[in-house]
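For reference, the chains in residue letters:
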Amino acid sequence: MTVKVRRQKPRRRVFWALVAVLLADLLALSDTLAVMSVDLGSESMKVAIVKPGVPMEIVLNKESRRKTPVIVTLKENERFFGDSAASMAIKNPKATLRYFQHLLGKQADNPHVALYQARFPEHELTFDPQRQTVHFQISPQLQFSPEEVLGMVLNYSRSLAEDFAEQPIKDAVITVPVFFNQAERRAVLQAARMAGLKVLQLINDNTATALSYGVFRRKDINTTAQNIMFYDMGSGSTVCTIVTYQMVKTKEAGMQPQLQIRGVGFDRTLGGLEMELRLREHLAGLFNEQRKGQRAKDVRENPRAMAKLLREANRLKTVLSANADHMAQIEGLMDDVDFKAKVTRVEFEELCADLFERVPGPVQQALQSAEMSLDEIEQVILVGGATRVPKVQEVLLKAVGKEELGKNINADEAAAMGAVYQAAALSKAFKVKPFVVRDAVVYPILVEFTREVEEEPGVHSLKHNKRVLFSRMGPYPQRKVITFNRYSHDFNFHINYGDLGFLGPEDLRVFGSQNLTTVKLKGVGDSFKKYPDYESKGIKAHFNLDESGVLSLDRVESVFETLVEDSPEEESTLTKLGNTISSLFGGGTTPDAKENGTDTVQEEEESPAEGSKDEPGEQVELKEEAEAPVEDGSQPLPPEPKGDAAPEGEKATEKENGDKSEAQKPSEKAEAGPEGIAPAPEGEKKQKPARKQRMVEEIGVELVVLDLPDLPEDKLAQSVQKLQDLTLRDLEKQEREKAANSLEAFIFETQDKLYQPEYQEVSTEEQREEISGKLSAASTWLEDEGVGATTVMLKEKLAELRKLCQGLFFRVEERKKWPERLSALDNLLNHSSMFLKGARLIPEMDQIFTEVEMTTLEKVINETWAWKNATLAEQAKLPATEKPVLLSKDIEAKMMALDREVQYLLNKAKFTKPRPRPKDKNGTRAEPPLNASASDQGEKVILPAGQTEDAEPISEPEKVETAGSEPGDTEPLELGGPGAEPEQKEQSTGQKRPLKNDEL
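No experiment lies behind these values; they were computed from the predicted model shown. (Residues numbered from 1 in each chain as written. Predicted model: local features only at pLDDT ≥ 70, side-chain atom pairs only at ≥ 80, totals over all residues. Heavy atoms only, no water.)

S.K.: What am I meant to see in the overall build of the protein here?
M.R.: Counting its secondary structure elements, the protein contains 25 helices and 30 strands. Across the 1000 residues that make up the protein, the buried fraction comes to 48%. The long-range share in the protein, meaning contacts at least 24 apart out of those at least 6 apart in sequence, stands at 73%. In the structure as shown, the protein presents an accessible area of about 50000 Å², 51% of it carried by carbon and sulfur atoms. (Helix = DSSP H or I, 4+ residues; strand = E, 2+ residues; numbered from the N terminus. Buried < 20%, exposed > 50% of the residue type's maximum accessible area, 1.4 Å probe, protein only. Contact = heavy atoms within 4.5 Å. Areas by Shrake-Rupley, 256 points an atom, 1.4 Å probe, with all protein chains shown as cover.)

Encoded structure:
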């Protein structure tokens, strides 16, 4: 038994070693996958990829265009995306969905839902009672939520990226508007889950644009702060962003460039779409006037006609940006009536006069949020397609007071390029130059709670408290901890948005619910009962605002402490070492720095909101978790006055910022455990000092989402399955169309080949008639029954026809190959014969080939000549319609066998050292023959064939020189030593060109 056990151990080690190797290979394989970005605009999207060996690049769609319309056409049995769906918008406007992103994260009573219904009345929106949202009702059987439609678009974008990258892709960075709130961001993440994408980050489109601008102008960034304003007017909205670029000193990579979002302003409905809708309404009015006396229907009641007018309005807006007037014309707009009308730029500007008045609004908002003036802005850069409208540039230039507007950035692709740079930085497969990104919180978030207080003896009242968790324009991602000190039983608190006074009344209605979540804590009282002798340090709630700007409550803990006395004997060296190590890690862990340098900036506790001052000892404390180092170049917000001292469990931030008092009491220095401090002095050990022991109890949390309930897991799984079934159906449809096209192409090509001379030469009339009849029958079947035929039936029919024509095609292909193959065989035979003849002329003293080797080569040459002559003679007797006996594969086999023998001798000559020359009586070497050239003296190897230097013929060489292998030959194995026989005689090099005689 012992022997068996000993034998099993090495096997186990080998097994686990193999497992480790496999895991390492899998990890290496996963790291080589490409990453992608999707710039998800209202009207179109841009997709970019990064893969090993390929830098940032925009993906071309199936029409070889760099941007793809965000449009989906949903029918009973098929779907269309991009340009195909855009063309279907005219034929089937009800089933063609566009601008559906405006409905993400919005309940049915949101003003944007009513606005969408007014803009696109052809769509039927149904009410979802569970989430209070809307669905698209395409037909009684087809119903999709906006998240599901967006999931289809994201899945389509991934298919484009995978086809372009030629490998699977799952990791992606998706751009979202900076004004998206928590509900809208969660909706995008759910859509990505439905599409099977792993979202590395939701990046604000203005941040992605700023990152792209900074990455390509890295050399222009220095220690002097540069303030750049980006004005982005797209199809659906307008965003103005103030960004500061500066070189900062980081702990990980030294001096690195940094961008910081300083100010943001936006208008949710100001964009190119609203201008096009104004133009569409104007054109519809002109068309109705032209048909006023004909008692015709209003063109606005015809969805197809309105879809045509919207497409013409889009074209008209683009043309009027460069021309003073243009003729709008649509053939067969409605009831086979053509429409033609002239529209001038002045008319267009009058239609959109109120829109142009709103252009400076986002600029003023951005300046107010950044607390800056226009004099501090160095440059204003235009982004977005709608900024090409001349009137927009005119009004904006007047508003900013600059000499000119910057147009030195790709207005359409900047966000996609910045997002894919971020994707590469977040991926483990790539290493990019660090670029520190400090994004800003647009909507402040606070915590609200109510507590019972005793104002007078016997008089109790409820007091409402507010604490700002994440302030407006504060940096993120970051983590915060809030501590409740005066609770000993289960309680609730609320997470809501903070002061949104910077939004107008209409924007507040569009914003939706200002209440995010109600948090119900369970188990607080039980934790106090579990540790009755411990001192409570409060209930700590840990919050995280991640890279995507999504807020989450990580955990809630009840913390207790007590004093524990230790004897001097217990304080061993190992214990002291453990306490010291604990003190090092008590302040939090430092995560690995990301390649893009996304910075987590620490803040001190926020000041209480008005009317929320607590009594002494009742203050709720807000601290940031010390989970990432502050970079030297960062500027953390100044600490605000504190009402009470922080609890012992929250000393980490103070220690990192160096705020801890040096005159700390010895009893405080003696703390141990997770919040451990340096060991106490020797003098105190003799007095058996007490140390603090910390206990942490996890508190149960129940979250009640108030803004927009997330899709339940079972419903989400159903949506995922629904999209997968649709994708599988599309793939099956594509496979069937491919099989039908292949069958149809084979029928037409073969029918044409039957009348070509080379095919008629190798076939009889009966054979051609049989094949032609079968092809005609298959063509008739394809026309009559091919519509209902399955993919398998189509492939079987194609395989049947190919088998019928296999002999005919084989005879034609063989005859095409004969001249080239026979010519190569003749050349190889001739050169091999010359090589053998030259080898036999080598003097016996210098001979390196044995008689057996030369005899073997001679035998192979003779057998090949004999086989060739016999096969050619036999083939000449056969008719051309019969299967040939002279096959190209047999010719190649004979050439390989002969080439192998020749290469064996060449390799032997190449690596065999010459024998030493005998010396004469005077002790000198014999003189070389008179006909030997100077270049033949000394030891060297003749250059391989194909090089410029040609070797001279040698009658009595000191060293046998041979030609090396030609390009494409395999390298010969090194021999063991001088005179050693080569061991790779059977090595096949695949070289078909024989050695020339003049290469000896």
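Moving on, there is more to tell.
S.K.: So what exactly am I meant to see when it comes to the nonpolar core here?
M.R.: Residues Phe230, Tyr245, Phe484, Phe493 and Phe543 are the most contacted members of the largest nonpolar core, which totals 130 residues. With 10 residues, the single largest contributor to this core is helix α13 (residues 414-426). Listed in part, the 46 residues of the second largest apolar core include Met306, Leu316, Leu333 and Val343. (Core = buried A, V, L, I, M, F, W, Y, C linked by side-chain atoms within 4.5 Å.)

S.K.: Explain the sheet that holds strand β13 (residues 226-233) here, please?
M.R.: The strands that make up a sheet pair up through hydrogen bonds in the backbone, lying either parallel or antiparallel. The sheet built from 6 strands is open, its strands ordered β18-β13-β14-β15-β19-β22 with mixed pairing. The sheet terminates laterally at β18 (379-383) and β22 (475-476), the two strands that pair on one side only. Across 13 bridges, strand β14 (residues 238-250) lies against strand β15 (residues 254-267) in antiparallel orientation. Residue Ile242 lies in a different strand from β15, and its bridge partner there is Gly263. (Pairing = 2+ DSSP bridges.)

S.K.: Quick question: what am I supposed to make of helix α3 (residues 111-119) here?
M.R.: An α-helical turn contains 3.6 residues, so a residue and the one three or four places further along point in the same direction. Within the sequence span of α3, burial applies to Pro111, His112, Val113, Tyr116 and Arg119. Taking the backbone nitrogen of His112 as reference, a side-chain oxygen 2.9 Å away marks Asn110 as the first, capping residue of α3. (Polar contact = N/O pair within 3.5 Å; in protein donor to acceptor, adjacent residues only side chain to side chain.)

S.K.: I'm lost on the environment of Val902 in this one. Help?
M.R.: By secondary structure assignment, the location of Val902 is in helix α25 (residues 888-911). As a C-alpha pair, Val902 and Leu836 span 66 residues in sequence and 8.8 Å in three-dimensional space.

S.K.: Before we go on, may I ask you to explain the packing of aromatic side chains in this structure?
M.R.: Geometry of an aromatic ring pair is reported as the spacing of the ring centres plus the angle between the planes. The final tally for this structure, using the stated rule, is 28 aromatic pairs. Here the aromatic rings of Tyr443 and Phe511 are separated by 4.7 Å at their centres, their planes lie at 70 degrees, and the arrangement is edge-to-face. Of this pair, Tyr443 sits in the loop between β19 (436-440) and β20 (445-456) while Phe511 is found in helix α14 (residues 505-511), placing the two residues 68 residues apart along the sequence. Each member of the pair Tyr443 and Phe511 is classed as buried. (Phe/Tyr/Trp six-rings, centres within 6.5 Å; stacked < 30°, edge-to-face > 60°.)

S.K.: Is there a simple way to explain the side chain of Thr864 in this structure?
M.R.: Looking at the secondary structure, you find Thr864 in helix α24 (residues 851-877). For Thr864, the side chain forms a polar contact with the main-chain oxygen of Val860, separated by 2.8 Å. Setting aside its immediate chain neighbours within four residues, Thr864 contacts Leu825, Leu829 and Lys894.

S.K.: Hey, could you run me through the packing of helix α23 (residues 791-840) against α24 in this one?
M.R.: For any two helices packed against each other, one specifies the crossing angle of their axes together with the interaxial distance. Where α23 meets α24, the closest approach of the two axes is 11 Å, and the angle between their N-to-C directions is 150 degrees. Compared by their axis directions, α23 and α24 come out roughly antiparallel. For the pair α23 and α24, the sense of crossing is left-handed. (Axes fitted to C-alpha atoms, helices over the stretch in contact; angles between N-to-C directions. Parallel < 35°, antiparallel > 145°, perpendicular 65-115°, else oblique. Left-handed = near helix turned anticlockwise from the far one by under 90°.)

S.K.: I tried to follow the pattern of salt bridges on my own but got confused; where do I start?
M.R.: One side chain can pair with another of opposite charge once the charged atoms of both are near each other. The full count for this structure, using the stated rule, is 42 salt bridges. Between Lys46 and Asp39 there is a salt bridge; the shortest N-O distance is 3.9 Å. Judged by relative accessible area, Lys46 falls into the buried class, the value being 8%. With a shortest N-O distance of 2.7 Å, Lys733 and Glu737 are connected by a salt bridge. Residue Lys733 and its partner Glu737 are located together in helix α20 (residues 713-753), separated by 4 residues, close to a single helical turn. Classification of Lys733 by relative accessible area gives partly exposed; the value is 30%. Members of the salt-bridge network, linked through shared partners, are Arg119, Glu274, Arg278 and Asp354. (Salt bridge = Lys/Arg side-chain N within 4 Å of Asp/Glu carboxyl O.)

S.K.: For this particular structure, what's the right way to read the environment of Phe120?
M.R.: As for its placement among the helices and strands, Phe120 is situated in the loop between α3 and β8 (125-128). Sequence spacing of Phe120 and Pro303 is 183 residues, and the spatial spacing of their C-alpha atoms is 8.7 Å. When near neighbours in sequence (up to four residues on either side) are disregarded, Phe120 contacts Arg98, Tyr99 and Leu310.

S.K.: Hey, could you run me through the environment of Leu887 in this one?
M.R.: Tracing the chain through its elements places Leu887 in the loop between α24 and α25. Under the relative-accessibility criterion, Leu887 is labelled buried at 12%. Through-space distance from the C-alpha of Leu887 to that of Thr871 is 9.4 Å; in sequence the pair is 16 residues apart. Once you skip the residues sitting within four places of it in the chain, Leu887 turns out to touch Phe810 and Glu814.

S.K.: Help me out: how do you make sense of the sheet that holds β8 in this one?
M.R.: Spatially, the 3 strands line up as an open sheet ordered β8-β9-β10, and their pairing is antiparallel. The open sheet terminates on both sides in strands that have one partner only, identified here as β8 and β10 (143-144). When strand β9 (residues 133-137) meets β10, the two strands line up antiparallel, connected through 2 bridges. Within β10, the position partnered with Gln137 by the bridge is Gln143.

Note that all results are geometric; they support no functional claim without further evidence.
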